[in-house]
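# Working through the structure, step by step
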Amino acid sequence: MHILEFEYVIERELSEIIEERYPLDWKEDVITHELARRFRSRFRRITLHGTRYPLEVEWEVYKLHGSRETAHGDIGLLIRYKLPTGTLLEGAGFLEAKIRARDSSSFPQARPDQVKRILARSPQTRLLLYDYRPVPVLDEPFDIDFDWDFFPHPLYRRHLDRSRVTHGPVLPLQLAATINQYDDTLYRFCHSLAHQFSRRYFHLHDLDFSQSAIQTVKGFPADLDSPNIIMVIRAAVRGQELPEEFRPSDDRYGAIE
């Protein structure tokens, strides 16, 4: 899969979910759960081309049993990345999702007390904003100077001619907290959800490498709040063996099928 195809699929899946859920089932947790399920289905095992080195990726997704108010965002990522030297790097990423109100441009569920608590645990947390309207974002224009053999689908090629928009703009939660105005004025600082994965997380940016953050995503210790959804992403340059698997405790998490 070419990196541009990967980005296209993320944005297409998100757009379909938003279209299905708005306005009658316009709920943040429902959208997040369906998005995680589709990620697991589409990207469980892929080889990404169009990056500096082809990248082997395996992706598993787990859901917390029950629900709770979390101090670590709605989605936690455990990224286990093997360098060409064989060195294993492990980092944690956090996405806090909020949903736009049906009748205004605000995100009323963004509460300053919760934001402060999340940032105290991990300042690397990103804010993911679900919007029923497409949002222009800061993503760089498509670079179409690549081998079409890895990007053969005419539908995807036509997509390259469009401006970069998303139904899930993303920005640093710390920046949003500093602005302290949770509405569509934040969009001028946002990239797409696809960009956050392909250009940031897959390059080990915006991750928290502290042991406390990593252990929280893993679910240790059990008395700490953990994200409602955990994505375990194992990656290695093609030719390297993938890092060892990690599966959270069955007592706390179940796999999303």
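Higher on the page you've got the structure.
This write-up is about the structure you can find in this document.

Quick notes on the rules
Residues numbered from 1 in each chain as written. Predicted model: local features only at pLDDT ≥ 70, side-chain atom pairs only at ≥ 80, totals over all residues. Heavy atoms only, no water. Salt bridge = Lys/Arg side-chain N within 4 Å of Asp/Glu carboxyl O. Buried < 20%, exposed > 50% of the residue type's maximum accessible area, 1.4 Å probe, protein only. Helix = DSSP H or I, 4+ residues; strand = E, 2+ residues; numbered from the N terminus. Pairing = 2+ DSSP bridges. Phe/Tyr/Trp six-rings, centres within 6.5 Å; stacked < 30°, edge-to-face > 60°. Polar contact = N/O pair within 3.5 Å; in protein donor to acceptor, adjacent residues only side chain to side chain. Contact = heavy atoms within 4.5 Å. Patch = residues over 30% accessible without salt bridge, like charges linked within 9 Å, V, L, I, M, F, W, Y side chains within 5 Å. Areas by Shrake-Rupley, 256 points an atom, 1.4 Å probe, with all protein chains shown as cover.

## Considering the pattern of salt bridges
The tally for this structure, following the rule as stated, stands at 24 salt bridges. For the salt bridge of Arg12 with Glu13, the shortest nitrogen-to-oxygen distance reads 3.5 Å. Accessibility expressed as a relative area gives 24% for Arg12, which makes it partly exposed. Each member of the salt-bridge network shares a partner with another, and the members are Arg12, Glu13, Glu16, Glu20, Glu34, Arg37, Arg38 and Arg42.

## Overview of the pairing of strand S9 (residues 229–237)
The side chains of a regular strand alternate between the sheet's two faces. In terms of burial, S9 is largely enclosed, as 9 of its 9 residues are buried. Note that strand S2 (residues 55–64) and S9 share 9 bridges and pair antiparallel. The partner of Lys63 across the bridge, within S9, is Ile229. Across 8 bridges, strand S3 (residues 75–82) lies against S9 in parallel orientation. Across the sheet, residue Ile75 finds its bridge partner in S9, namely Ile229.

## Considerations on the packing of aromatic side chains
One pass over the structure, following the stated rule, counts 14 aromatic pairs. Seen in terms of ring centroids, Phe6 and Phe43 are 4.7 Å apart; in terms of plane orientation they differ by 50°. Their pairing is tilted. Of the two residues, Phe6 is situated in helix H1 (residues 3–21) and Phe43 in helix H2 (residues 28–43); the sequence distance between them amounts to 37 residues. When its relative accessible area of 0% is taken as the criterion, Phe6 is described as buried.

## Topic: the side chain of Glu34
Mapped onto the secondary structure, Glu34 falls in helix H2. At a separation of 2.7 Å, a polar atom in the side chain of Glu34 contacts the side chain of Arg37. A polar side-chain atom of Glu34 sits 2.8 Å from a polar atom in the side chain of Arg38. If we ignore the near neighbours within four places in the chain, the residues touching Glu34 are Ile17 and Arg21.

## Some details on a nonpolar patch on the surface
A cluster of nonpolar side chains, namely Leu175, Ile179 and Phe189, defines an oily patch on the protein surface of about 210 Å² accessible area. Counting through the fold element by element, Phe189 comes out in the loop between helix H5 (173–179) and helix H6 (193–200). With a relative accessible area of 35%, Phe189 lands in the partly exposed category.

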